[in-house]
Amino acid sequence: MQWEKWFAIEWQQVLGISLSALGLYGGLIVFTRLMGLRSFSKLSSYDFAMTVAIGSILASTILSDSPSLSQGLVAVAVLFLIQGTISVIRRKSKPLKSLIDNQAIILMAHGEYFCDNLKEANLTKSDVQEVLRRNGLKSKSEVFAVIMETTGDMSVIKQDSTAPDWSLFDDIRDSHLLINSNNKTDNMPRACPQFKRLYLNGLKMAKFYQTSSNS
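(A) Examining the pattern of salt bridges more closely. One pass over the structure, following the stated rule, counts two salt bridges. Across the pair R173 and E120 runs a salt bridge whose closest N-O atoms are separated by 2.8 Å. A residue pair is termed long-range when its members are at least 10 positions apart, and R173 in the loop between β4 (154–158) and α8 (176–179) and E120 in helix α6 (residues 115–120) qualify at 53 residues. Relative accessible area serves as the criterion here: at 25%, R173 is assigned to the partly exposed category. Here E130 makes a salt bridge to R134, at a shortest N to O gap of 2.9 Å. Taken as a pair, E130 and R134 lie in helix α7 (residues 125–134) at a separation of four residues, close to a single helical turn.

(B) Examining helix α3 (residues 45–63) more closely. Its 19 residues place the ends of α3 28 Å apart at the C-alpha level, agreeing with the 27 Å of an ideal helix rising 1.5 Å per residue. Among the residues making up α3, those that are buried are Y46, D47, M50, I54, I57, L58 and T61. Down the axis of α3, the buried side of the element spans an arc of 115°, and every buried residue falls inside it.

(C) Spatial organisation of a nonpolar patch on the surface. The grouping of W11, L15, L19 and L22 at the surface amounts to a nonpolar patch, some 490 Å² of accessible area in total. Following the sequence through the fold, L22 ends up in helix α2 (residues 11–35). Owing to a relative accessible area of 63%, L22 belongs among the exposed residues under this scheme.

How each quantity is defined
Residues numbered from 1 in each chain as written. Predicted model: local features only at pLDDT ≥ 70, side-chain atom pairs only at ≥ 80, totals over all residues. Heavy atoms only, no water. Salt bridge = Lys/Arg side-chain N within 4 Å of Asp/Glu carboxyl O. Helix = DSSP H or I, 4+ residues; strand = E, 2+ residues; numbered from the N terminus. Buried < 20%, exposed > 50% of the residue type's maximum accessible area, 1.4 Å probe, protein only. Expected span 1.5 Å × (residues − 1). Arc of directions from axis to C-beta. Patch = residues over 30% accessible without salt bridge, like charges linked within 9 Å, V, L, I, M, F, W, Y side chains within 5 Å. Areas by Shrake-Rupley, 256 points an atom, 1.4 Å probe, with all protein chains shown as cover.

Laid out in structure tokens, this is it:
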């Protein structure tokens, strides 16, 4: 094996890498200023995809003479333009927004796992348990809801005496399991059998919250 190839670099390569890095860095600053703070926010799945795509373009442009710096800048500019266009469409058209965006789903509610939703998200109970431990929870009874957001992150909402603001949950699939206390249990996603009793207790608690907020 020729070890010198692993560490060798010519001064022309150093100059090319440095200029490419400076050019792309300056371009990112300009594009981010033009398109706003959302550029790298990862608020949705397509935001995350754009971040990955830009990272790939930056790496290939900086470390190689093909694609060129100009080609890399054009590619990044086009991605920012696409993101800006999609953002406008999402704001203007709810049907197209629902077509573009994933929908957050409930993985756990009132201490009860929803096995169908876990299966759809390709997750196991162990994955949720890890997130609960990272959030400092030591009992499922402390959980109001675990929600998988559109970015793939999991939000953990703790159970407490505060009456929920239901408008925060109306864009979540199966949100009626948290909001509507008059739901029948046969309308819910298949829950893990050993937690069905906890689900019924959760419905009673939701009814109590609604009564408190309406009084």
